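# Structural description and commentary
If you want the building blocks of each chain, they are given just below.
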Amino acid sequence: MARTIAGAQLTVAHRQAQLALRADVLADLTRLWTLFDAGDLEATFTRFAAAAEILIRQRHGDSAGLAAAYFERFRSAEGVDGTAAAQLVDPPPPVLVRETLRLVGVNGVTTAAQAGLSPAQASRRGLVRVAGAATRLVLGGGRNTLAASVRRDREAEGWQRVTDGSPCAFCAMVASRGPAYTSQRTARFEAHDHCGCSAEPYYRGSRTLATNARLAEAWEVAQRQAADTGELSRGTSNDALNAFRRHLAGGQ
Ligand SMILES: [Zn+2]
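Residues numbered from 1 in each chain as written. Predicted model: local features only at pLDDT ≥ 70, side-chain atom pairs only at ≥ 80, totals over all residues.

### Some points on the overall build of the chain
- Regarding its fold elements, the chain presents seven helices and three strands.
- Each helix and strand of the chain, ordered N terminal to C terminal, gives the series α-α-α-α-β-α-β-β-α-α.
- For 252 residues, the compact-globule formula gives about 18 Å, and the C-alpha radius of gyration of the chain, at 20 Å, lands near that figure.
- Principal-axis analysis of the C-alpha atoms gives the chain an extent of 60 × 50 × 30 Å.
- Counting across all 252 residues of the chain, residues that qualify as buried make up 40%.
- Residue pairs at least 24 apart in sequence account for 76% of intrachain contacts in the chain once pairs closer than 6 positions are excluded. (Helix = DSSP H or I, 4+ residues; strand = E, 2+ residues; numbered from the N terminus. Rg over C-alpha atoms; globule rule 2.2 N^0.38 Å. Buried ≥ 20, exposed ≤ 12 C-beta atoms within 10 Å, placed from the backbone. Contact = placed C-beta atoms within 7 Å.)

The structure is reproduced here in structure tokens:
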């Protein structure tokens, strides 16, 4: 958690700004999706992807800009020594954006059609998949800008995951582990399609976000209960995550 109230407020505002950006992107994507026609899949998907690529790369820049402004304001609100400029990251290459969309979109539509769904339902499935990938690419602008800025900031120790309020079990698990320290080579922001998480820089004297501390307690309880009932007998990390998922779903 931020050391100051102003810092904590900036984190909340930044999270909301990124989620509002995501909502805008979803609305625009839904409009662009009308270019797609499952009856003429190849040609119309290409047309959709060309338009979506421009949208995604632009909005990636917006997400990065929001994060850069937040990073600098947060740092000054927290009274951190010295200065550190935000490190804006480049948008993903056009071909990567188009291929990512094609991979999930075409796959979403064709597997739904093969499963017997109507063309309209299959198209809807495709849009959901495309939206998940598109928002991951867009919000990567903010996440990667924050991670890069923190890495370049001599005073920063890492960052904490800021969940979107109803995180999936995976994000809740990662958040429960506390700050990701940049001194550890494995420190990178893991995000999945549809993920709404962002990050808060972590400095000496920062505290664990209250939500993340609660998730850490919930993780402990879930693992203890699962161990008692023998659910962890195989000892895989998947068992542990599944136990946590059930625990969160049960609202215990
Ligand atoms: Zn997430």
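Having seen the model, we can carry on.
### Some points on the nonpolar core
- Counting residues in each nonpolar core, the largest one holds 55 residues, and the members touching the most others are Ala-52, Leu-101, Val-130 and Ala-134.
- If one sorts the elements of this core by residue count, helix α2 (residues 41-77) sits on top with 12 residues.
- Excluding residues within four positions of it along the chain, Ala-134 makes contact with Val-25, Leu-29, Ala-52, Ile-56 and Leu-101. (Core = buried A, V, L, I, M, F, W, Y, C linked by C-beta atoms within 7 Å.)

### Digging into the sheet that holds strand β3 (residues 198-203)
- Judged by pairing direction, the sheet is antiparallel, and its three strands sit side by side in the order β2-β1-β3 without closing on themselves. In this open sheet, the two strands that pair with only one neighbour each are β2 (180-181) and β3.
- Alignment of strand β1 (residues 156-162) against β2, held across two bridges, turns out to be antiparallel. Counterpart to Gly-158 in the pairing with β2 is Tyr-181. (Pairing = 2+ DSSP bridges.)

### What about the packing of α2 against helix α3 (residues 94-114)?
- In contact at an axis separation of 9 Å, α2 and α3 are set at 135 degrees when each is read in the N-to-C sense. Taken together, the axes of α2 and α3 lie oblique to each other. Here α2 and α3 pass one another in a crossing that is right-handed. Across the interface between the two elements, Leu-41, Phe-45, Ala-49, Ala-52, Glu-53, Ile-56 and Arg-57 of α2 pack against Pro-94, Val-97, Arg-98, Leu-101, Arg-102, Gly-105, Val-106 and Val-109 of α3.
- Here the residues of the contact of α2 with α3 are counted per class, giving 10 nonpolar, one polar and four charged. (Axes fitted to C-alpha atoms, helices over the stretch in contact; angles between N-to-C directions. Parallel < 35°, antiparallel > 145°, perpendicular 65-115°, else oblique. Left-handed = near helix turned anticlockwise from the far one by under 90°. Nonpolar A, V, L, I, M, F, W, Y, C, P; charged D, E, K, R; others polar.)

### What about the pairing of β1?
- Within β1, six of the seven residues are buried, leaving the element largely enclosed by the surrounding structure.
- Pairing of β1 with β3, which is carried by six bridges, proceeds in the antiparallel orientation. Bridge assignment links Trp-159 to a residue of β3, and that residue is Pro-201.

### Focus on unusual backbone geometry
- A positive phi is found at His-194, a non-glycine position, where the angle reads about 75 degrees.
- Relative to the elements of secondary structure, His-194 occurs in the loop between β2 and β3.

### Thoughts on the packing of helix α1 (residues 5-32) against α2
- Viewed as axis vectors pointing N to C, α1 and α2 meet at an angle of 175 degrees, and their least axial separation amounts to 10 Å. When the interaxial angle is binned, α1 and α2 end up roughly antiparallel. Packed against α1, whose contacting residues are Ala-6, Gly-7, Leu-10, Thr-11, His-14, Ala-17, Gln-18, Leu-21, Val-25, Asp-28, Leu-29 and Leu-32, the element α2 presents Phe-48, Ala-51, Ala-52, Leu-55, Arg-59, Asp-62, Ser-63, Leu-66, Tyr-70, Arg-73, Phe-74 and Ala-77 at the interface.

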